[in-house]
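Close look at the chain arrangement
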There are 2 protein chains.
Amino acid sequence: MLGLMQDRPLSLPHVFHRAERMFGHKRLITASPAGERETTVAEWAVRVRRLATVLDDLGVSADGRVGTFCWNTDRHLELYLAAPCTGRVLHTLNIRLFPEQLVYVANHAEDEVVFVDRSLLPVLWPVVDQLETVRTIVVIDDGADAEIPSDPRVRDYEELLAAAEPFAGRFSVEDENAAAAMCYTSGTTGNPKGVVYSHRSAVLHSMVTLTADAFGLAERDVVLPVVPMFHANAWGIPYGALLAGCDLVFPGPNMSPAAIASQLERHRVTVTGGVPTIWMGMRPLLADHDLSALRAIICGGSAVPRALSEAYREAIGLPMLHAWGMTETSPIATVSTPRSHHAGWTEDQRADARARQGQAVPFVELRIADPDTGEEMPWDDEASGELQAAGPWIAAEYYRGEGGGAQFTADGWLKTGDVAAVDRWGFVRLVDRTKDLVKSGGEWISSVDLENEIMAHPAVAEAAVIAIPHEKWTERPLACVVVKPGESLTADELLEFLAPRVAKWWLPDAVEFIDEVPKTSVGKFSKKTLREKFDGYSLPS
Amino acid sequence: MLGLMQDRPLSLPHVFHRAERMFGHKRLITASPAGERETTVAEWAVRVRRLATVLDDLGVSADGRVGTFCWNTDRHLELYLAAPCTGRVLHTLNIRLFPEQLVYVANHAEDEVVFVDRSLLPVLWPVVDQLETVRTIVVIDDGADAEIPSDPRVRDYEELLAAAEPFAGRFSVEDENAAAAMCYTSGTTGNPKGVVYSHRSAVLHSMVTLTADAFGLAERDVVLPVVPMFHANAWGIPYGALLAGCDLVFPGPNMSPAAIASQLERHRVTVTGGVPTIWMGMRPLLADHDLSALRAIICGGSAVPRALSEAYREAIGLPMLHAWGMTETSPIATVSTPRSHHAGWTEDQRADARARQGQAVPFVELRIADPDTGEEMPWDDEASGELQAAGPWIAAEYYRGEGGGAQFTADGWLKTGDVAAVDRWGFVRLVDRTKDLVKSGGEWISSVDLENEIMAHPAVAEAAVIAIPHEKWTERPLACVVVKPGESLTADELLEFLAPRVAKWWLPDAVEFIDEVPKTSVGKFSKKTLREKFDGYSLPS
């Protein structure tokens with residue numbers, strides 16, 4: 001027996017038309033080299049309708065890939081809707097990819113056009129001739145002074161929009177499983193792999209950002225996504241904010257802590273989100289800014305350092321709200337919202353809980369599996385295993401079958417590559433990457449836990465732990481430590497600091513002081529690069 | 001091009017398994033004639049698994065209809081999950097239906113079994129022999145002293161559960177469009193008509209109850225649904241609360257204002273919901289109870305009287321949160337959450353806004369149409385037309401095609417039968433029922449608005465306005481008024497009170513004082529009965 005409900009697709013045109021009709025008066029504010037610009041959702045919606053016509057005028061195929069190479073701006077948000085609402089596929093290109101990766105992903109996705117911020121032209125232009133399927137480069141002039149090449153492929157965004165009539169009807173995507181957007185992983189091994197989001201996954205994922213225990217996006221919120229729109233949907237914030245009717249504030253190209261802090265204060269931002277690096281950089285500025293309107297600082301991309309979260313709590317009364325996910329999970333899979341069973345805990349225990357990755361949001365299922373046998377492991381906060389995920393916004397495979405299914409289980413779950421323990425309430429605690437554990441004497445040492453303890457030292461700016469081969473113990477940890485400017489620290493002082501904090505056999509066998517921890521294109525610690533750097537390293541006996 | 005996301009159905013087993021796994025420690029509290037019972041979600045989940053086996057043992061067909069004739073209890077919540085999670089269809093029978101309607105709907109739905117609270121046996125038993133497809137009556141002993149008939153069809157709920165092994169696997173419903181539940185409308189004309197909810201609609205609708213601008217159900221909430229689980233999914237609260245991980249408090253058979261107020265206070269309830277009648281009854285008790293834990297009093301089923309909402313705001317600092325919908329809309333379609341553009345308004349204007357039906361929740365689309373031409377009308381708060389609704393949890397048709405599609409437009413929208421104006425922000429204001437307007441001199445008089453003004457008089461308990469045929473003006477309003485016990489009121493005093501509040505031509509031509517406004521089986525004003533009562537009434541000239 002079937003239900004007798006209306007057959008209405010879960011597709012992005014609903015998000016657009018809802019915002020246009022009910023939230024036309026809400027604000028979109030964008031910082032740019034030319035100054036700050038404020039517009040309304042109503043004005044923005046007309047531009048989205050013009051842009052829909054532009055995509056037709058440019059001859060983009062019915063499901064053609066529309067590349068974007070842009071900062072977080074209202075213009076980028078125009079592309080976020082115009083491409084999928086007309087059946088095209090939004091392909092956000094990560095501006096931090098290495099040139100050969102950038103060429104690879106644009107060719108692999110067969111992008112037909114790339115929209116690029118003028119300030120980013122110097123990064124894109126050198127590889128343009130290698131982009132095999134791109135016929136047009138549309139420059140969005142953000143007031144930067146980068147030279148615009150005189151080339152028949154280059155068009156001006158504003159000129160195109162001005163010449164186009166706004167699409168007059170209702171956008172419609174009837175098949176909710178049609179592709180809406182795609183994004184390539186920043187894989188540390190092999191080529192980047194494409195994740196293809198459907199309308200259904202994008203819309204459901206947006207919905208979850210509105211739920212009270214996730215981000216709780218509400219009409220009264222003023223939201224500033226620091227997390228880039230060029231990667232993993234900016235955590236679902238742009239679509240979520242339109243669905244809820246929030247005001248949006250975009251930082252544009254200037255992602256400096258000072259610029260962000262100033263926007264947060266000036267626009268009375270209530271919700272913001274970004275990677276730990278941003279919040280570390282902003283920490284010294286907290287005292288000089290009135291951030292009292294903030295109700296949530298979402299932190300993800302890497303495990304939130306407990307000490308950083310606590311520093312915010314002490315300075316402005318607001319700890320970080322930690323969320324976890326990855327390109328393959330759209331990305332929101334868990335959020336570490338405080339729970340009622342934490343209420344009786346000490347402040348210290350609650351800080352521990354907040355530093356965990358948190359509980360799966362509705363519709364996402366998680367399990368941990370023994371990496372050798374694949375058997376499911378208990379949620380007792382002791383056992384740790386590979387974290388696996390299932391749900392309607394979790395990838396089933398990579399574009400064009402890349403990777404050959406190695407990252408998926410026989411029953412269709414995603415192998416996240418993270419190693420986690422889970423407590424009885426379902427709170428995830430990442431302990432490491434599957435390929436990044438230190439296996440000492442048959443036991444695992446969590447490099448993440450060890451890094452967190454090291455980074456709790458007041459003189460440490462950041463730290464990464466890698467495994468060094470060891471004759472007796474198989475592997476032993478090496479700590480690679482960056483000392484804060486103006487501070488000093490010796491290996492012995494650090495080990496003394498760690499001694500009461502970790503098991504004796506976890507203590508690093510050596511400490512190396514380095515200038516900075518190498519990062520991947522999305523700002524994560526690149527253990528791969530570190531391991532190469534310390535290849536052949538000999539530990540003291 | 002298709003998205004490459006996992007193909008995971010939106011179905012109720014996810015709600016069950018999520019609650020069982022992550023919220024096993026949360027509480028379910030139920031009042032009953034035998035006293036108050038507290039259990040945990042973990043214990044409840046085992047009983048749901050036993051009940052799944054019981055449904056097999058009773059030989060209920062693979063998609064058989066499982067009738068329930070129950071109050072709001074943890075037992076009813078067992079049925080809410082066990083029936084749909086095993087592929088059966090939960091059919092909540094409205095305990096307030098007239099006997100012939102009850103027989104009609106159980107036969108029309110072909111219920112195979114009916115689960116009934118012992119306290120409700122005296123209502124059900126007299127018609128049992130007329131239930132053509134029901135083979136088994138399962139009595140849930142709630143401690144009432146109603147006699148249990150000695151009859152081979154009668155089984156005891158606890159005995160059946162005790163004898164059944166808990167289902168050991170994972171529940172699975174792969175087709176999200178399969179029927180999960182059904183409920184009959186309490187139609188004021190003709191036979192009740194069946195609305196069939198799908199797993200997809202039930203799950204999406206639950207999700208919306210978690211969004212911040214709807215009910216914002218969160219894990220920290222303690223939720224008491226006064227709104228009956230025997231009709232329209234209790235506004236989605238039971239499934240929503242399980243999805244979010246709330247504590248749940250159930251009133252059982254004693255729905256008296258005193259009992260509800262006591263539970264609200266004792267269990268520090270944060271969210272509750274019910275029809276205006278309940279809140280009217282509780283109003284004199286507010287001063288004697290500490291309700292400081294409450295953050296939302298959801299009010300629906302009828303338009304919330306502005307004066308009632310204001311009385312609560314004055315007494316406990318919390319106005320009503322008005323929501324609107326109907327059986328055919330699952331039922332949540334709009335919620336009147338305050339919006340940022342109200343912030344600068346006066347308290348009086350904000351009270352007006354709160355008394356509106358509010359904005360459509362995500363995924364629900366609304367429009368108003370000229371009842372004669374069907375043409376869409378503008379959202380200017382002036383034009384009013386028939387309110388029509390579309391969305392994934394809005395009915396597409398009635399069970400077995402009843403009604404012949406008369407309540408649906410050619411393009412598949414539901415005609416709600418309500419007449420509304422909508423402001424530029426999408427805030428709906430119901431002005432009447434399509435069949436319940438007073439058409440005077442070619443203009444409409446809103447009987448709802450007029451009733452609200454009459455009920456604002458301190459001596460009026462309740463009032464209903466109906467149209468009386470009139471030679472010159474086509475129709476003119478008659479006010480049927482119930483005076484509060486101990487108060488007195490004359491027609492002239494009332495008209496004098498109304499004079500400065502409504503247009504002159506809106507003033508009722510006559511006032512009749514009655515003992516009570518007749519109600520339908522779900523407690524709505526039965527204008528139909530009133531019109532019959534005053535059939536042939538002659539207005540003073």
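Conventions and cut-offs
- Residues numbered from 1 in each chain as written.
- Chains lettered and ligands numbered in written order.
- Predicted model: local features only at pLDDT ≥ 70, side-chain atom pairs only at ≥ 80, totals over all residues.
- Heavy atoms only, no water.
- Contact = heavy atoms within 4.5 Å.
- Buried area = accessible area lost by both parts, 1.4 Å probe.
- Salt bridge = Lys/Arg side-chain N within 4 Å of Asp/Glu carboxyl O.
- Polar contact = N/O pair within 3.5 Å; in protein donor to acceptor, adjacent residues only side chain to side chain.
- Helix = DSSP H or I, 4+ residues; strand = E, 2+ residues; numbered from the N terminus.
- Pairing = 2+ DSSP bridges.
- Axes fitted to C-alpha atoms, helices over the stretch in contact; angles between N-to-C directions.
- Domains from an automatic or database assignment.
- Phe/Tyr/Trp six-rings, centres within 6.5 Å; stacked < 30°, edge-to-face > 60°.
- Buried < 20%, exposed > 50% of the residue type's maximum accessible area, 1.4 Å probe, protein only.

Within an unreviewed UniProt entry, the label attached to chain A reads Long-chain fatty acid--CoA ligase, and the organism entered is Pseudonocardia xishanensis.

Another point: the interface of chain B and chain A. Contacts between chain B and chain A engage 78 residues on the former and 78 residues on the latter. A combined buried area of about 6200 Å² lies between chain B and chain A, and 57% of that area is made up of carbon and sulfur atoms. Three residues, Met1, Met5 and Gln6 of chain B, lead the burial of chain B against chain A; their summed loss comes to 15% of the area buried on that side. The interface formed by chain B and chain A includes 10 salt bridges. A salt bridge links Arg21 of chain A to Glu376 of chain B, with the shortest nitrogen-to-oxygen separation between them at 3.2 Å. Our count for the contact surface shared by chain B and chain A stands at 42 residue pairs in polar contact (both at pLDDT 80 or more). Secondary structure elements with two or more residues in the side of chain B that touches chain A: α1 (12–22), β8 (179–184), β9 (194–198), α7 (199–209), α8 (237–244), β16 (359–360), β17 (365–369) and β18 (384–390) of chain B. With six residues, the top contributor of residues to the side of chain B that touches chain A is α7 of chain B.

What follows is about the sheet that holds strand β17 (residues 365–369) of chain A. Residues and elements named next belong to chain A. Spatial strand order, β17-β18-β19-β20: four strands in an open sheet with antiparallel pairing. For this open sheet the edge positions go to β17 and β20 (428–433), each flanked by a neighbour on one side alone. Ignoring strand direction, the axes of neighbouring strands in this sheet form an average angle of 45 degrees. One ladder, built from five bridges, connects β17 with strand β18 (residues 384–390); its direction is antiparallel. Bridge pairing in β18 links Leu366 to Ala389.

For chain A, the domain assignment lists domain 1 (8–253) and domain 2 (436–533). Between domain 1 of chain A and domain 2 of chain A, the C-alpha centre-to-centre distance is 39 Å.

What follows covers the packing of aromatic side chains. Residues and elements named next belong to chain A. Scanning the entire structure with this criterion turns up 20 aromatic pairs over all chains. Relative to Tyr157, the ring of Phe115 has its centre 5.9 Å away and its plane inclined at 90 degrees; by these criteria the two rings are edge-to-face. Linking Phe115 in strand β5 (residues 111–117) with Tyr157 in helix α6 (residues 157–163), this pair joins segments that are 42 residues apart in sequence. A centroid spacing of 6.2 Å and a plane angle of 80 degrees characterise the contact between Trp505 and Trp506, whose relative ring orientation is edge-to-face. Accessibility expressed as a relative area gives 37% for Trp505, which makes it partly exposed.

This part takes up the side chain of Glu78 of chain B. Residues and elements named next belong to chain B. You can see Glu78 is positioned in helix α3 (residues 74–85). Here the side chain of Glu78 touches Tyr157 through a polar contact of 2.6 Å, side chain to side chain. Those residues within four positions of Glu78 in sequence are excluded, and the remaining contacts are Trp44, Arg47, Val48, Leu51, Tyr157 and Leu161.

This part takes up the environment of Thr474 of chain B. Residue and element names in this part refer to chain B. With respect to the secondary-structure elements, Thr474 resides in strand β24 (residues 474–483). For the pair Thr474 and Val139, spaced 335 residues apart in sequence, the C-alpha separation works out to 54 Å. When residues no more than four places from it in sequence are discounted, the contact partners of Thr474 are Lys439, Ile468 and Pro469.

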